[in-house]
Amino acid sequence: VFSRPGSGVKFAGGKPLNNSDSGLQGKTVSAAEGEEKLKSTNRWLGFTVDFWILLAVCIGGCVVCAAFTILAVNIATANRIAFFQQVVFDEDGKIQKPVLPRSTVQRLFRYDLNPLFAVRSDMASRVAVTSAVLSLPYFVPSLAWMNDYGFSLQYSVVIICFTVYQDLGTTLSLAWYNFAGTVLPVLNALFMYGMYPEGSTDGGEWSAAWWFGMVDFLIVIILLMVMKWPVGIRMFAVSWQAYFSMCFLNPGDTTHYSPGITNILLEGAAVGPLVGTVIGCVLSVVPLCLWPLGTTLCALGQAQELAVEVAWSEGNLWKHMIKNYTGKERSVIVDKLLGECLANKHRLDALAGCLGANSWWECFDLGRTARIRAQLSESCKKLVFMHDWLRSAVRTMFDEEFEDHHDELMEIVAPQLTKLSDLTSRLLYRTTLAAAEGGVTPLGSTDPDVLITDVKKVVEAQEELATAFLSARRKVYGSNNVTTDSISEHFFVAALSLYGQYTTQFAEYMLNNETTIDQTGILGALWSGLKDMCAFTGWGFTLRSSIGFFLAFFVGYHGLADIITPYNGTPAGTTAYLMASDGAAGSAIMKNIARFQGTAGGSLLGQLIWGTVVWCSVWGTIGGVASMLIFEYFAMFLYFSSANFGYVGVLLGAYGAEHLMISCQSGDDSTSNVYSVMQEQMLAIVAVTIGDLLIGNTSPGVAAAQTFFSMTETIQQGLQDFFCLNRTQEVLLVGDGDIKRKSSNKSYYSFAAIKDVEFHRDSILGDYSMAKF
């Protein structure tokens, strides 16, 4: 996306301009300077000292990110467990709603009024403060020496903008992908310049070095397009490879590249981006782990909160449902209960989202936090199934007409309904606490003896309810059978009873202290990831992305008169950030134009703010840092908050940082230079749009229709299995006892003979879980 060093002198209106090159200009050394420095540099085991420094930086960055993450998540989950163990009961013996104390930062953003705003503002403020700190070497003259080591803190801020997202686990995964996406082209650049240290400079165009660089470039880009790489790896690898190859193919390029892995210099053009990436990745992860007056923003901790909140809300819903259903008339509170039921469904969806790959990155399926993740994942499945019964009971209550026989029946069984509801709610809450803790413990609210006692109480309450309901049914309806008028009452009572039964099964599962979720270690995840990457990404994406990329690369290689000089890799590199994934439906033109708002808007706003507030004085320094802080906060808040303009926000933050983080003495960021950058970005957008138009993506209407048909086919197959309607196989229609061993000669309309039975419940539930939009 960003201008690279050595990409050539830019022209606007026919006048040559100096290239700001993402803040890297002046930090890399020329080819001649690099050769002289290599001759005088110290070596150890045949490698330059800078090689060992770079290796230590890369390994140290990975270790710091992983260590901070594991330590912070362990502390965060332990603190939540300690708080939730303090179960408080009200005067009626009901569990009071647990309200986890919020951090000072989130209280300042008024978490009590808008929790979502407070959490997103907390994360955006961490990015903003970190970015403002990284801008100090550009605004404080005494810190300017930090810009003289070959890497760019501007680019570190760019990495932060593209890395921080949602929670700690997601951020760590993006940090790894962005790091790997930079390492791959850097290693390839070291390989290219190791073979031909001068690139195409000596032989010129069509020389052996040129052909070597072109073949290498085509092989690497084709592999990146064809294979199913994670988005972050492909995005940064394609972007940097376009720049490195363009420099290699440029006969007039004088930028120094380290000639092979044994001759690395930190001032080399391929090494600086890698160091800047490591700095950006570390400073993306650490602030989410440790922050003054803040807490760890981890998915696993959020999953603990959501699971406990769902358990409490489910019990509270049953309490109010029974109070309303056993009343004399329908109350307006039913509409409120429907809304609360829907809110709990959203919490369950959020809980499932927190227990995906993001929480794996927070624990690597190791230790106590891995057990918490496994138990919460199993609990989420059980809670979703149980919630379906509660939601059905709410709907039954909503349709109830509250006739006389209903009032009479409910008046008799109301005490038993209330008792079972209260005991079930308490057991569900304690069991969910045990899951959030990773298993039962001999002390506290999740003591096994306490859970066993609560299970027995729920079973006894179920028996009391069944006895009372049968007696009341005979008294009210004068029959031992289900009548038409009593169907809704039967279903409501059955729903509560089954809910209690599933809760006891949930508790028994936790008492066994076993996990049914397969855990994946680091090596297993690495192997699985490698296998996934070897898959074919699809012809649609491959052709569409290749057309846009190679078109931009071709134009950048040959240049456009008075617009772009030859050998400019920026347009091709920019296309990497605009590639839509295969099947990502929507208007290509509209999405790319929207992204131009981020690139152009960030460049213009960054230059406007820099020209207005950054002066060579104390007030200019304060103005520059304050502007960086405020601008990055609003840009990243837009990124975290908006579904439609989120990517515009991250581009605003990245491009704004590029044009804000410039010292007051620098004159590189002129108006014409910004205009030239905008021309390059628009050229990339035009190239990508042409590819999207030539190889159309799946439209939203087609995708919706395909999903709908897939759902109906899954439901149809499930019904056929459930009612034994599949006439291509022999099925059981009548029989009792041990059905598995029972055979019969009876027939049903000559559909099939009856020999044996195949139970379909597990396959039906599996198909049902797939029938989702």
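Preceding this paragraph is the structure being described.
Here the structure is a predicted model, which means the values were calculated and not measured. (Residues numbered from 1 in each chain as written. Predicted model: local features only at pLDDT ≥ 70, side-chain atom pairs only at ≥ 80, totals over all residues. Heavy atoms only, no water.)

Draft legend 1. Broad picture of the nonpolar core. Counting residues in each nonpolar core, the largest one holds 176 residues, and the members touching the most others are Phe162, Phe244, Trp318, Met321 and Phe549. For this core, the element with the most residues is helix H11 (residues 299-325), which contributes 14 residues. Here Phe549 is in contact with Phe217, Ile221, Met225, Val238, Ala242, Ala572, Thr575 and Met579, once residues within four sequence places are set aside. In terms of nonpolar packing, the next biggest core, distinct from the first, is built from eight residues, Phe596, Met678, Ile685 and Val688 among them. (Core = buried A, V, L, I, M, F, W, Y, C linked by side-chain atoms within 4.5 Å. Buried < 20%, exposed > 50% of the residue type's maximum accessible area, 1.4 Å probe, protein only. Helix = DSSP H or I, 4+ residues; strand = E, 2+ residues; numbered from the N terminus. Contact = heavy atoms within 4.5 Å.)

Draft legend 2. Region of interest: the pattern of salt bridges. Scanning all chains against the criterion turns up 13 salt bridges. We note a salt bridge from Glu305 to Arg80, for which the minimum N-O separation is 2.8 Å. In this pair, Glu305 is assigned in helix H11 and Arg80 in helix H2 (residues 49-84), connecting sequence segments 225 residues apart. Residue Glu305 shares its accessibility class with Arg80, and that shared class is buried. With its nearest N and O atoms 3.2 Å apart, the salt bridge here joins Arg102 to Glu305. Placement of Arg102 in the loop between H2 and helix H3 (104-108) and of Glu305 in helix H11 is noted, with a sequence separation of 203 residues between them. (Salt bridge = Lys/Arg side-chain N within 4 Å of Asp/Glu carboxyl O.)

Draft legend 3. Here's a closer look at the packing of aromatic side chains. Under the criterion given, the structure shown has 48 aromatic pairs. Judged by centre distance (5.4 Å) and plane angle (70°), the rings of Phe117 and Phe637 are edge-to-face. Pair noted here: Phe117 is in helix H4 (residues 115-134) and Phe637 is in helix H22 (residues 618-641), with a separation of 520 residues, a long-range link. Taking relative accessible area as the criterion, Phe117 reaches 31% and is therefore assigned partly exposed. Considering the side-chain rings of Trp206 and Trp211, the 5.9 Å spacing of their centres and the 45° angle between planes classify their relative orientation as tilted. (Phe/Tyr/Trp six-rings, centres within 6.5 Å; stacked < 30°, edge-to-face > 60°.)

Draft legend 4. Quick look at the side chain of Asn188. Assignment of secondary structure puts Asn188 in helix H7 (residues 168-195). When neighbours within four sequence positions are excluded, Asn188 is seen to be in contact with Asp216, Val220 and Gln241.

Draft legend 5. Representation of helix H15 (residues 404-437) within the structure. In this model H15 runs 47 Å from its N-terminal to its C-terminal C-alpha over 34 residues, within 8% of the 50 Å that 1.5 Å per residue would give. The largest bend in H15 amounts to roughly 55° and is located at Val413, with the proline Pro415 lying one to four residues further along. (Expected span 1.5 Å × (residues − 1). Bend = angle between axes of the 7 residues up to and from the residue.)

Draft legend 6. View of the packing of helix H6 (residues 153-163) against H7. Running from amino to carboxyl end, H6 crosses H7 at an angle of 135°, the nearest separation of the two axes being 9 Å. With respect to their mutual orientation, H6 and H7 come out oblique. The hand of the H6/H7 crossing is right-handed. Contacts from Tyr155, Ile159, Phe162 and Thr163 of H6 reach H7 at Thr171, Leu174, Ala175, Asn178 and Thr182. Per-class residue counts for the contact of H6 with H7 are five nonpolar, four polar and no charged. (Axes fitted to C-alpha atoms, helices over the stretch in contact; angles between N-to-C directions. Parallel < 35°, antiparallel > 145°, perpendicular 65-115°, else oblique. Left-handed = near helix turned anticlockwise from the far one by under 90°. Nonpolar A, V, L, I, M, F, W, Y, C, P; charged D, E, K, R; others polar.)

Draft legend 7. Inspection of the state of the cysteines at higher detail. Taken as a whole and assessed by the stated rule, the structure comprises zero disulfides. For Cys289, which is in no disulfide, the shortest distance to another cysteine sulfur is to Cys65 and amounts to 8.0 Å. Take Cys289: its relative accessible area is 6%, and that puts it in the buried class. (Disulfide = S-S within 2.5 Å.)

Draft legend 8. Here's a closer look at unusual backbone geometry. In the Ramachandran plot, Arg110 falls in the positive-phi region, its phi being about 60° despite a non-glycine side chain. For Arg110, a relative accessible area of 42% corresponds to the partly exposed category.

Draft legend 9. Representation of the environment of Tyr257 within the structure. Positionally, Tyr257 belongs in the loop between helix H9 (231-249) and helix H10 (271-289). By relative accessible area, which is 3% here, Tyr257 ends up buried. Note: C-alpha distance between Tyr257 and Ala270 (13 residues apart in sequence) is 6.2 Å. Not counting chain neighbours up to four residues away, the residues in contact with Tyr257 comprise Tyr193, Tyr243, Phe244, Cys247, Ala269 and Ala270.

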